[in-house]
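# Descriptive analysis of the structure
Here's the letter readout for the chains.
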Number of protein chains: 2
Amino acid sequence: MISERQFLRAYDASAFDRVSVTVDVVLLSVADGGLHALVHRRAEHPCRDKWALPGGFVQLAESLDAAAARVLRDKAGLEDVFVEQLYTFGEPCRDPRTRVISVGYYALVDITRFEQAHAAREDVISAQIVVPWKGERGGAVQLFGDQKQTLDVAFDHAEIIGAAVKRIRGKLGYAPIGFEFLPKRFTLLDLRQVHEAVLGRRLNKDSFRRTVLASGLVRATGQRERAVDHRPAELFRFNRKEARA
Amino acid sequence: MISERQFLRAYDASAFDRVSVTVDVVLLSVADGGLHALVHRRAEHPCRDKWALPGGFVQLAESLDAAAARVLRDKAGLEDVFVEQLYTFGEPCRDPRTRVISVGYYALVDITRFEQAHAAREDVISAQIVVPWKGERGGAVQLFGDQKQTLDVAFDHAEIIGAAVKRIRGKLGYAPIGFEFLPKRFTLLDLRQVHEAVLGRRLNKDSFRRTVLASGLVRATGQRERAVDHRPAELFRFNRKEARA
DNA sequence: ACACTTAGATGCTCCATACATATATGTAGT
DNA sequence: ACTACATATATGTATGGAGCATCTAAGTGT
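As a starting point, this report considers the structure included with it.

Basis of the calculations
- Residues numbered from 1 in each chain as written.
- Chains lettered and ligands numbered in written order.
- Predicted model: local features only at pLDDT ≥ 70, side-chain atom pairs only at ≥ 80, totals over all residues.
- Heavy atoms only, no water.
- Helix = DSSP H or I, 4+ residues; strand = E, 2+ residues; numbered from the N terminus.
- Buried < 20%, exposed > 50% of the residue type's maximum accessible area, 1.4 Å probe, protein only.
- Contact = heavy atoms within 4.5 Å.
- Areas by Shrake-Rupley, 256 points an atom, 1.4 Å probe, with all protein chains shown as cover.
- 1 Å grid on protein atoms, 1.4 Å probe; cavity = no way out; pocket = protein on both sides within 12 Å on 5 of 7 lines; lining within 4 Å.
- Points joined across faces, edges and corners; volume = space filled by probe spheres on them.
- Nonpolar A, V, L, I, M, F, W, Y, C, P; charged D, E, K, R; others polar.
- Least-squares fit on C-alpha atoms with pLDDT ≥ 70 in both.
- Near = heavy atom within 4 Å.
- Polar contact = N/O pair within 3.5 Å; in protein donor to acceptor, adjacent residues only side chain to side chain.
- Pairing = 2+ DSSP bridges.
- Phe/Tyr/Trp six-rings, centres within 6.5 Å; stacked < 30°, edge-to-face > 60°.

## Looking at the overall build of chain A
- Counting its secondary structure elements, chain A contains seven helices and eleven strands.
- The buried share among the 245 residues of chain A stands at 48%.
- Here the contacts in chain A between residues at least 6 apart in sequence split such that 61% fall between residues at least 24 apart.
- Approximately 12800 Å² of chain A is accessible, and the part contributed by carbon and sulfur atoms is 47%.

## Focus: the layout of surface pockets
- Approximately 1800 Å³ is the volume attributed to the largest pocket.
- Along the walls of the largest pocket sit 44 residues, with Leu86 and Arg167 of chain A together with Leu86, Arg167 and Tyr174 of chain B positioned nearest its centre.
- Listing elements by their share of the lining of the largest pocket, those giving two or more residues are strand 5 (82-89), strand 7 (128-137) and helix 4 (157-171) of chain A together with helix 2 (64-76), strand 5 (82-89), strand 6 (100-108) and helix 4 (157-171) of chain B.
- Here the lining of the largest pocket takes nine residues from helix 4 of chain A, the largest share from any one element.
- Looking at the lining of the largest pocket, its residues break down into 18 nonpolar, ten polar and 16 charged.

## With respect to the relation of the copies chain A and chain B
- Rotating chain A by 180° and translating it 0.0 Å along the rotation axis places it on chain B, where the RMSD comes to 0.0 Å. The transformation just described matches what one would write down for a two-fold rotation axis.
- Both copies present the same face, since 100% of the interface residues in chain A are matched by interface residues at the equivalent positions in chain B.

## Observations regarding the protein's contact with DNA strand D
- Near DNA strand D you find 19 residues, and of these Ser207 of chain A together with Lys205, Arg209, Arg210 and Glu234 of chain B are the closest.
- A share of 56% of the atoms of DNA strand D within 4 Å of the protein falls on sugar and phosphate groups.
- Between a base nitrogen of DNA strand D and a side-chain N or O atom of arginine 231 of chain A, the distance comes to 2.8 Å.
- Looking at the surface near DNA strand D, the elements that each hand over two or more residues are helix 6 (205-215) of chain A together with helix 6 (205-215) of chain B.
- Across the surface near DNA strand D, the residue classes tally to four nonpolar, five polar and ten charged.

## Here we look at the sheet that holds strand 10 (residues 218-224) of chain B
Residue and element names in this part refer to chain B.
- Taken in spatial order, the three strands of this open sheet run 9-11-10, and their pairing is antiparallel. Edge positions in the open sheet fall to strand 9 (185-186) and strand 10, since each of these has one partner strand only.
- Bridging between strand 9 and strand 11 (residues 234-238) involves two bridges; their strand directions are antiparallel. Bridge pairing in strand 11 places phenylalanine 186 opposite phenylalanine 236.

## Examining the packing of aromatic side chains
Residue and element names in this part refer to chain A.
- Enumeration over the complete set of coordinates arrives at six aromatic pairs over all chains.
- Geometrically, the ring pair formed by tyrosine 87 and phenylalanine 89 is edge-to-face, given 5.3 Å between the ring centres and 65° between the ring planes.
- A relative accessible area of 29% means that tyrosine 87 is categorised as partly exposed.
- Accessibility expressed as a relative area gives 6% for phenylalanine 89, which makes it buried.

## Considering the protein's contact with DNA strand C
- Contacts to DNA strand C come from 20 residues, most closely from Arg209, Arg210 and Glu234 of chain A together with Ser207 and Arg231 of chain B.
- Here, DNA strand C places atoms within 4 Å of the protein, and 64% of those atoms are sugar or phosphate.
- In this structure, a phosphate oxygen belonging to DNA strand C sits 2.6 Å away from a main-chain N or O atom of glutamate 234 of chain A.
- Within the contact set of DNA strand C, a base nitrogen lies 2.9 Å away from a side-chain nitrogen or oxygen of serine 207 of chain B.
- Tallied by class, the residues present in the surface near DNA strand C amount to five nonpolar, five polar and ten charged.

Put into structure tokens, the structure is as follows:
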């Protein structure tokens, strides 16, 4: 274990006109009517014991997208995930060690894969927890744990999470990204609840239904949900071909 | 003058796990019913004589936004410009010298300032020309000069320009960015022509008028345009206060 | 058989935009 | 001064999507 002071000295010595570039991934999912982001507790300086996004340095021969995929594979055990670049954060002092520019990404998974990622890497990273995002207050992103406990977030990662949420909120209106939060088969209620969770407000049941059916983005499977104590809803699939057109 | 070969050797020698980060700015304006981007002819290797975006390396103690503002000041003679981060381009071989990651920015100015930027720096950069953007063909961005001459664009800068155009096209629908292309006072025809140029299609005259007036984003000045051989239109101003709300 | 719950369909209203028409206000020509 | 012309500006109408209410369908539990 080395001190933060030692860290700073070691990094400063190698700093010239080149900088380090990292990729930080906001892994998002929807559960219990809210958005959740995956964070882990940092085991080392700097920001030790604070909560941080999974991330890693970009390798020399590796594209940014590849780095994001690698981070998801190594730190969350996930492959073939919907992932897109978000924004690049480059304030000179965002990392106390040296100049580190972070290219933010966001990834969207259904709750099953999210739980897998949550459980997968307890050996490598000390802990990973689910953090519901409750909205902004005074311009700053607020993260809450189970009992509305404010999280102590490392670096500028709260800002990155906030930017990710803002981005998918906007994108939900014109891009078929809600499906990424759902399993292969889902009911229209599931889809609407995803949208409500992302947007943070209730949506009209019938309008949502009509809009989605008219969009051609979903295809009925003929199957129905099971083990419900009411009329079972039909199960739909995401119509990826239509989404491209 | 040194050769491309010398360049590669010099840069390879200093390459380890850190990378260079540049900022490239797509300076856009609207004229003659089309979007124009500012590019200059590179005087040095690599990509000598090809057309490139104004850009520069990010300094160690400088934020990304500050780097973009510096590039605009030094290479285009512009200050206080609307500028926003676009996307970060990081393919390993996008620069033949070494690993260079480029944070793309876009800046929007009215045609007067664009002409200023065009004329300002002929001493430093060999030439700067206006490039109308005509649309995509086969997925790749096509750049045309005066006589539909396809430009030979340096690095992946055609991709960056294409991304900028796509971004402002989408953003025009929900953000007040069309005003950035206009002088302080403008007619509603001016504003509509800006929107048409950006979107690449005609808009309904009356609907546009009603929508804009109802948005509260413009404030009538009471003045009218002059020296036109028809009924003069009223001059409006961008209502920045309303835009924030 | 009946109550209960949610799914799913249908009709109506409201609002924003596209489209059409009418009027206003300047210049230019006679 | 009058008229032709061009564009600005205003108003009316149709269309389509979203919100809202109501009705029927199809399961479970008593």
